[in-house]
Structures are given as structure tokens and as C-alpha cells.
Amino acid sequence: MPEKLIIIGSGPAGWTAAIYAARAELKPLVFEGAVTEENRIAGTLPLGQLALTTEVENYPGFPAGHLGGFLETAISEERRAYLPPGNPHGVQGPELLELMRQQAVNFGTRIITEDITTVDFSQRPFRMTALDGKSYEADCAIVATGARANYLGLPSEEKYKNHGVSGCAVCDGAIPRFRNKPLAVIGGGDSAVEEATYLTKYASTVYLVHRRDKLRASKIMAERAAANPKIKFLWNRSVDEVLGNEKEGVTGMRLNSTTGEPAAEFPIAGFFLGIGHTPNTTFLKGALQMNDKGYVVWTTPGRTNTSVPGVFAAGDVADDCYRQAVTAAGTGCMAALDAERFLAEHGE
Ligand code: NAP
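Just so it is clear, the structure is predicted and the values come from calculations on it, not from any experiment.

Visitor: Break down the packing of helix α1 (residues 12–23) against helix α5 (residues 93–106) for me, citing the residues and quoting the values.
Guide: α5 packs onto α1 with a crossing angle of 25 degrees between their chain directions and a minimal axis gap of 8 Å. Judged by the inter-axis angle, α1 sits roughly parallel to α5. Of the two possible hands of crossing, α1 and α5 adopt the one that is left-handed. In contact with Pro12, Trp15, Ala18, Ile19 and Ala22 of α1, α5 contributes Leu97, Met100, Arg101, Gln103 and Ala104. Split by residue class, the contact of α1 with α5 holds eight nonpolar, one polar and one charged.

Following this line, the structure appears as C-alpha cells:
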């Protein structure tokens, strides 16, 4: 017998879809991704991007407070090892995801800790094959595999991830280590300019480091950044190395010049990437309509429908605009409701 619903992905979109689908008695099966070194390096481990951040201050419902007692009863001791003791902050990214995962399990969600590596959406039931070679069939599928921030690929950048290196200013900008300190944003598009502008709320100075002498960002956003006295543009510069140490994390950056200027070092406490995102859609290989940036296309306005009836998409994998935990959770809910309606209409 095929599954009623398979959900691929384990960020806020996947777990919210699972919570709603499980409560609707669709008995969802979630592929949360495999725990492999490849996925760790690519930033695609189970629980997604939010699990790579620290405090989450902008997810509604989690003001600062002490959730310790609740967590002790809700989450097994083994998984609790990853949660910080005492919960002194609103909520930590990994903690929020563990809570979502547990909430989905509480309603009967089943989980397989594997990647789906190929799909056949050409007919129903849909067939999905995991990394270990096993195939699964389902009447409906929700793709919620997210997108990953692009990094430059420097070893020093990898070393200080979560210790001053971040792919998400909105997620991490407000944490104490960045307050009133010089920070850097790499990139010249709308994301970089938006991140730099956002970070001026907290930083003493934000260096916007771009490899050319002209921004790609839209005119209005570029003008706003140029008018901001806290933003200093470093043109024609490429990053040679992120500087730091074990104790403090990031302490500086060394930049090369693309126009023959000497290399230069800048003291910074935070190094933010704004060089674009890559949706995790390789495994779909033409099975669904994608846009020119590789994101899954929602084919019906206001719905999570994809180009294949019965396959829905939720979260960042289909959203190159908002990319927030709360919007991912919102579209996860929508996808589960869309799947429920689809199955009802098809008598399943
Ligand atoms: P993007 O437009 O592709 O810009 C990426 C930037 O990063 C470019 O300036 C690029 O330099 C630079 N870059 C790429 N790889 C690099 C590397 N290896 N080393 C150094 N620099 C590198 O990406 P985005 O800014 O994320 O924007 C994506 C889409 O979302 C755009 O359509 C954008 O308009 C939209 N967006 C809109 C808003 C908004 O309206 N509020 C906010 C964010 C994003 P080059 O310029 O030299 O190629």
C-alpha cells in the first residue's frame, strides 16, 4: 500500500506540514535528511538552516523565558543533549526545531533519517528513492527541502561558522557578540545591501565588501545604503581569509584587491554572507517546474500547488523572497491543507 503523504524536508515547513497532516490523520512519513559529512559541509543536515543559528528572537510565541521543565518531559534524554541548559533566551534555533519535530511525532508522524535522492512524479502513486536505495510510494508529496545560503568556500569561513560567520543577518544580527562592533557583509546584490542596512541597527560600522565597483542591487536599495553613514563600501575586494581565534571567534578579515591595491586587514566581529542562496532541488531533476534560479514554482497563486497535481511545495525551496522561519511554517501548513483537500477530492 502506498503512503498517503510523504514529506521531504525537516525545517519549519516540513514539520508544520507534518503536524497538520498528522492531525488530519494522513499518517505522514517525513524524510528528514541523512546525517552525512557531505550534508554537514553543504549546510543541509536534518532540521535545516534554522538549526545552524543561535537565538531566534523573531519567531512569534517564544519570548525570553524558561522552558527547561517542559523540555525535560517532552524530549528524550538522548535528543535533549543538543539543547542548552536552562534556556536563558527566547528560543535557540536547534531547540525550536526539536520542539517542532517532537510536536509532529506526538500526533503520529513517522520519520526516516535519510535523504530522498530521486523522485518519479510522472504518475501516481509517486515513487521516491532514498540514499540507501529503498523506494517508497505515496499518493501525495510535499517538497520542503529548503535553500542553503551560499558561502565562499574558504576554510577559515567554515571554521568560524556560528562563531561570527553567518549566512543570515536577520537570524543572527541582533545577538550580543555583534553589538556596537564593526561587521562585514559580502556581496553586491539586494540581499547583501539589505543585510548591511539591517545590521546597522546593531553594528558600529558595516563594511559592504563587493568584488566589483558597482552594485547589482536595485537602485532604491543601493541609494539607501549609500546614504547610511554606518555603511562603508569596500569596492573591488575579494576575501582572502576570515581571521579569528578559538576564544573570540571572528576578529577580522583580510581582503585582496582586484585592482592591484595591497591586501588589507580589517578588524570585525561578524562576517555575513550575502552572495545568494541555492535551493535544495537537485534531487528533483526536472520532475517539477522550477524558476530560472532553481526554486520550485507555485503554479496557482495563493496555493502551494506545483506543476504536478498532488505534489506540493512549502518553505524556502519555493520562496526566494521572504525566507523566514515563520513564512516557511505558514506555507507548510498551507501545503498540508492542500494535500488533505487533494486526497479528499481523489477519494483517498
Ligand atoms: P544576487 O542578486 O544573485 O546577488 C549576489 C551578489 O553576490 C552579487 O553582487 C554577486 O557579485 C555576489 N557574489 C556571488 N558570488 C560571489 C562570490 N563567490 N564572491 C563574491 N561575491 C559573490 O543574489 P541576492 O542578493 O541574494 O538576490 C537574489 C534575488 O532576491 C534577487 O532577485 C533580488 O532582487 C531578490 N531580493 C530582493 C530583496 C528585496 O527586494 N527586499 C531582498 C533580497 C533579495 P556580482 O554582482 O559581481 O555578480
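Visitor: I'd like to hear about the site of the ligand, residue by residue, with values.
Guide: Close to the ligand lie 17 residues, the nearest being Asp190, Ser191, Glu194, Arg212 and Arg216. Take glutamate 194: an N or O atom from its side chain is 2.9 Å from a nitrogen atom of the ligand. Alone, the ligand offers 910 Å² of accessible surface; in the complex the protein occludes 69% of this. The dominant element in the shell around the ligand, judged by the number of residues it contributes, is helix α8 (residues 190–199), at three residues. Considering only residue class, the shell around the ligand consists of three nonpolar, seven polar and seven charged.

Visitor: Go over unusual backbone geometry, please, and point to the residues and values.
Guide: Proline 125 follows arginine 124 through a cis peptide bond whose omega is -5 degrees. Tracing the backbone shows proline 125 in the loop between β4 (116–120) and β5 (126–130). If you check the backbone angles, leucine 47 has positive phi at about 85 degrees while not being a glycine. Among the structural elements, leucine 47 can be located in the loop between α2 (37–42) and α3 (68–74). With relative accessibility at 9%, the residue leucine 47 sits in the buried group. Phi at asparagine 180 is positive, roughly 55 degrees, even though this residue is not glycine.

Visitor: How would you summarise a positive patch on the surface if you had to cite specific residues and measurements?
Guide: Taken together, the side chains of Arg211, Arg212, Lys214 and Arg216 define a basic patch exposed on the protein surface. Its place among the elements puts lysine 214 in the loop between β10 (205–209) and α9 (219–226).

Visitor: Describe the pairing of strand β9 (residues 182–186), listing the residues and the values that go with them.
Guide: By the criterion of burial, β9 is predominantly enclosed, with four of the five residues buried. Direction of pairing for β9 relative to β10: parallel, over a ladder of five bridges. Looking at the pairing, alanine 184 lines up with tyrosine 207 of β10. Once the chain exits β9 it traverses α8 before rejoining the sheet at β10, and the crossover so formed is right-handed. The pairing of β9 with strand β15 (residues 270–273) spans four bridges and is parallel. Paired with alanine 184 across the strands is phenylalanine 271, a residue of β15.

Visitor: Quick one: what's the story with the sheet that holds β15, residue by residue and with numbers?
Guide: The strand order across the open sheet formed by five strands is β8-β15-β9-β10-β11, and the pairing between neighbours is parallel. The outermost strands of the open sheet, each flanked by one partner alone, are β8 (165–166) and β11 (231–234). Where α8 meets the sheet, its contacts fall on β9, β10, β11 and β15, and the angle it forms with β9 comes to roughly 165 degrees.

Criteria and cut-off values
- Residues numbered from 1 in each chain as written.
- Predicted model: local features only at pLDDT ≥ 70, side-chain atom pairs only at ≥ 80, totals over all residues.
- Heavy atoms only, no water.
- Axes fitted to C-alpha atoms, helices over the stretch in contact; angles between N-to-C directions.
- Helix = DSSP H or I, 4+ residues; strand = E, 2+ residues; numbered from the N terminus.
- Parallel < 35°, antiparallel > 145°, perpendicular 65-115°, else oblique.
- Left-handed = near helix turned anticlockwise from the far one by under 90°.
- Contact = heavy atoms within 4.5 Å.
- Nonpolar A, V, L, I, M, F, W, Y, C, P; charged D, E, K, R; others polar.
- Near = heavy atom within 4 Å.
- Polar contact = N/O pair within 3.5 Å; in protein donor to acceptor, adjacent residues only side chain to side chain.
- Areas by Shrake-Rupley, 256 points an atom, 1.4 Å probe, with all protein chains shown as cover.
- Buried < 20%, exposed > 50% of the residue type's maximum accessible area, 1.4 Å probe, protein only.
- Patch = residues over 30% accessible without salt bridge, like charges linked within 9 Å, V, L, I, M, F, W, Y side chains within 5 Å.
- Salt bridge = Lys/Arg side-chain N within 4 Å of Asp/Glu carboxyl O.
- Lys, Arg positive; Asp, Glu negative; His and termini not counted.
- Charge placed at Lys NZ, Arg CZ, Asp CG, Glu CD.
- Pairing = 2+ DSSP bridges.
- Right-handed = clockwise from strand over helix to strand, strands pointing away.

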